[in-house]
Amino acid sequence: MLYNFLFPLADDFAIFNLFRYLTFRTGGAIMTALLISFILGPSVIRWLKSKQHRGQPIRDDGPQTHIVTKQGTPTMGGFLILIALTIGTLLWADLSNIYVWIVLLVTLGFGAIGFADDYLKVSRHNTVGVPGKLKLILEIAIAGIAGYFIMKVSNPDIASVLTIPFLKNALLDLGWFYLPFAIIVTVGAGNAVNLTDGLDGLAIVPVMIAAASFGLITYLVGNAVFSGYLQIQHVPGTGELTVFCGALIGASLGFLWFNAPPAMVFMGDTGSLAMGGALGSISLVTRHEIVLAIIGGLFVLETVSVIVQVASFKLTGKRVFRMAPLHHHYEQKGWAEPTIVIRFWIIAVILALIGLASLKLR
């Protein structure tokens, strides 16, 4: 909004030249989202507490320590993230860029599904929210529409292309199979972040790490000079998503202030689904879906642990882990919550560095 209003004035007023620079607007988006989180956070948390007298419902089959330590903490804090993210993006991004709208609408769409799920849980005082099949159908519909438009507005030469990391000029044209692939990536990313959100601060920091990584990727992929030097696929227009990633970093950092142990608020599905959907759709636009699986490898590990646990129990009647997702396994082994969270953050940083290294190694 600020960009679209002030950019035309740059030719007449030198001070507005700053709005020509993507880096300046990304910094503006970070600070705007961060300040909005700080300012609105206490009010939003008080409002959520007033509406949720019992806080987030705690699963009976989860770690028993959660019943004592987390009972009464309000959920749906992702609403704060979405407010800060949306305002930061709308203020500093070029709103004529179609990719900005696609990613933003996927984020808000997944956030709305999560909000409905959280609302039903707290209103019924149990862990049953939106029926799983309905939830999945809605996610698939949003992801399918987004995937279709990403293919539609992209250069026909790369509309259905999958980039292979670590290999130079390795492109795989999926044809129309790219659409179901796009759905799997977006829905999978949303639910993977959702599964990781189980301990104070556990999911939000890896999300920030992934957002920072993709902020760099969108900047490089959207720049013809840098993408040519690194020999990565150039996708015109994606640079503007750097501003979105900046707003996501600022909003997440502001939320972490209130979500740090012991958490004053949980993000709930409102936040986890939205942020996962955002990362998934950004990876589609930049054609770095496999790189997302590396950078977001922590989310992948958490998801795989659940799949392995369920499959093993159904096939053999035995559990591989003491409890799934993976972070609960280590809780059951006696690891302190801060120890699990910080060690998982370290893993997230390592995986992000490997993912970014794959850009140069091609």
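Residues numbered from 1 in each chain as written. Predicted model: local features only at pLDDT ≥ 70, side-chain atom pairs only at ≥ 80, totals over all residues. Heavy atoms only, no water.

The next subject is the packing of aromatic side chains. Applying the stated rule across the entire model yields nine aromatic pairs. Here Phe38 and Trp257 contribute two aromatic rings whose centre-to-centre distance is 5.5 Å and whose plane-to-plane angle is 70 degrees, an arrangement assigned as edge-to-face. On the criterion of sequence distance, the pair formed by Phe38 in helix H2 (residues 22-51) and Trp257 in helix H10 (residues 241-259) is long-range, its members being 219 residues apart. By relative accessible area, Trp257 is classed as exposed at 62%. Arranged with centres 6.4 Å apart and planes meeting at 40 degrees, the rings of Trp47 and Phe79 form a pair that is tilted. Here Trp47, found in helix H2, pairs with Phe79, found in helix H4 (residues 78-92); they are 32 residues apart in sequence, far enough to count as distant. With relative accessibility at 31%, the residue Phe79 sits in the partly exposed group. Taken together, the ring pairs in this structure connect Trp47, Phe79 and Phe115 into an aromatic cluster. The residue whose ring lies beneath Arg343 is Trp335, and the NZ or CZ to ring-centre distance is 4.7 Å. (Phe/Tyr/Trp six-rings, centres within 6.5 Å; stacked < 30°, edge-to-face > 60°. Helix = DSSP H or I, 4+ residues; strand = E, 2+ residues; numbered from the N terminus. Buried < 20%, exposed > 50% of the residue type's maximum accessible area, 1.4 Å probe, protein only. Lys NZ or Arg CZ within 6 Å of the ring centre and 35° of its normal.)

Looking now at empty space enclosed by the protein. All chains considered together, the criterion is met by one cavity of 30 Å³ or more. When its volume is computed, the largest cavity comes out at roughly 30 Å³. As for the largest cavity, its lining consists of Pro206, Ile209, Ala210, Ile295, Gly296, Phe299 and Ala348. With three residues, the top contributor of residues to the lining of the largest cavity is helix H8 (residues 204-221). Residues that form the lining of the largest cavity fall into these classes: six nonpolar, one polar and no charged. (1 Å grid on protein atoms, 1.4 Å probe; cavity = no way out; pocket = protein on both sides within 12 Å on 5 of 7 lines; lining within 4 Å. Points joined across faces, edges and corners; volume = space filled by probe spheres on them. Nonpolar A, V, L, I, M, F, W, Y, C, P; charged D, E, K, R; others polar.)

Between H8 and helix H11 (residues 268-286), the shortest axis-to-axis distance is 11 Å and the interhelical angle comes to 20 degrees. When the axis of H8 is compared with that of H11, the two are roughly parallel. The handedness of the crossing between H8 and H11 is left-handed. Residues Ile204, Val207, Ala210, Ala211, Phe214, Ile217, Thr218 and Val221 of H8 touch H11, and the partners they reach there are Met275, Leu279, Ile282, Ser283 and Thr286. Considered class by class, the residues forming the contact of H8 with H11 number 10 nonpolar, three polar and no charged. (Axes fitted to C-alpha atoms, helices over the stretch in contact; angles between N-to-C directions. Parallel < 35°, antiparallel > 145°, perpendicular 65-115°, else oblique. Left-handed = near helix turned anticlockwise from the far one by under 90°. Contact = heavy atoms within 4.5 Å.)

Each pocket or cavity is described by its volume, and for the second largest pocket that value is around 180 Å³. Around the second largest pocket sit Trp47, Leu48, Lys51, Gln52, His53, Met76, Phe115, Tyr119, Val122, Ser123 and His125, which together line it. At the level of elements, H2 and helix H5 (98-124) are the ones that each hand at least two residues to the lining of the second largest pocket. Element by element, the count of residues in the lining of the second largest pocket is highest for H5, at four residues. Residue composition of the lining of the second largest pocket, by class: six nonpolar, four polar and one charged.

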